[in-house]
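Structure at a glance
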Amino acid sequence: MSGEKIPINRNLVGVISIVCFLMAGYLYKFVTVEQFEQQELATGAFMRVGLLMFAFWLALPGKNRQAAWANVPPWFFAVLVLVIVGVAMRPKVAIPLILVFAFFGFFLRPRNKKRSPRR
């Protein structure tokens, strides 16, 4: 099994996500707790699985594009883990830090170089 590529059907993942969202909506709108005791549990489970499959669908490669993680540098994952741990330890610091990084990210990002046409 090592070295084999497992084909993943992106369309099927999207359909599973939509079906889970529809089931969660149906259970929430039309089924009462008297009819089905675990209505809230099942609704939450379908919603979570639908969100997870939707995120998975977004990350999968398509015919005309690479996978979402294809161009991400390896150090980004280490920084992401550190940020998650830092926010979990001190959640009150997270909002000001996000605002500061958003501000600097907006002004320090690379700009498109617009050149005037040659005459």
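Residues numbered from 1 in each chain as written. Predicted model: local features only at pLDDT ≥ 70, side-chain atom pairs only at ≥ 80, totals over all residues. Heavy atoms only, no water.

1. Digging into the environment of glutamate 40
If you trace the backbone, glutamate 40 turns up in helix α2 (residues 39-59). Spatially, the C-alpha atom of glutamate 40 lies 8.2 Å from that of leucine 27, the residues being 13 residues apart in sequence. (Helix = DSSP H or I, 4+ residues; strand = E, 2+ residues; numbered from the N terminus.)

2. Some points on a nonpolar patch on the surface
On the surface, a cluster of nonpolar side chains totalling about 870 Å² of accessible area is made up of Trp69, Trp75, Phe76, Phe77, Val79, Leu80, Val83, Ile84 and Val87. Looking at the element boundaries, tryptophan 69 is found in the loop between α2 and α3 (74-89). What makes tryptophan 69 partly exposed here is its relative accessible area of 47%. (Patch = residues over 30% accessible without salt bridge, like charges linked within 9 Å, V, L, I, M, F, W, Y side chains within 5 Å. Areas by Shrake-Rupley, 256 points an atom, 1.4 Å probe, with all protein chains shown as cover. Salt bridge = Lys/Arg side-chain N within 4 Å of Asp/Glu carboxyl O. Buried < 20%, exposed > 50% of the residue type's maximum accessible area, 1.4 Å probe, protein only.)

3. Some thoughts on the layout of surface pockets
Here the largest pocket is characterised by a volume of approximately 240 Å³. Lining the largest pocket are Leu82, Val83, Gly86, Val87, Arg90, Val93, Ala94, Leu97, Ile98, Phe101 and Ala102. For the lining of the largest pocket, the secondary-structure elements that each account for two or more residues are α3 and α4 (91-108). With six residues, the top contributor of residues to the lining of the largest pocket is α4. (1 Å grid on protein atoms, 1.4 Å probe; cavity = no way out; pocket = protein on both sides within 12 Å on 5 of 7 lines; lining within 4 Å. Points joined across faces, edges and corners; volume = space filled by probe spheres on them.)

4. Remarks on the packing of aromatic side chains
Tallying each qualifying case throughout the model produces six aromatic pairs. Both rings, one in tyrosine 26 and one in phenylalanine 30, keep their centres 5.6 Å apart while their planes meet at 45 degrees; by these two values the pair is tilted. Separated by four residues within a single helix, tyrosine 26 and phenylalanine 30 lie in helix α1 (residues 10-30), roughly one turn from each other. For phenylalanine 30, a relative accessible area of 57% translates into the label exposed. An aromatic cluster is built from Phe103, Phe104, Phe106 and Phe107, whose rings are joined through pairwise contacts. (Phe/Tyr/Trp six-rings, centres within 6.5 Å; stacked < 30°, edge-to-face > 60°.)

5. Some details on α1
The terminal C-alpha atoms of α1 lie 30 Å apart, and with 21 residues this matches the ideal 30 Å at 1.5 Å per residue to within 8%. Burial in α1 covers these residues: Val13, Gly14, Ser17, Cys20, Ala24 and Leu27. The arc enclosing the buried residues of α1, seen along the axis, measures out at 160 degrees, which places them on a common side. Relative to its buried face, α1 has exposed residues pointing more than 90 degrees away, namely Asn11, Ile18, Leu22, Lys29 and Phe30. Buried-residue contacts for α1 involve α2. For α1, the capping residue at the N-terminal end is asparagine 9, with a side-chain oxygen 3.2 Å from the backbone nitrogen of asparagine 11. (Expected span 1.5 Å × (residues − 1). Arc of directions from axis to C-beta. Contact = heavy atoms within 4.5 Å. Polar contact = N/O pair within 3.5 Å; in protein donor to acceptor, adjacent residues only side chain to side chain.)

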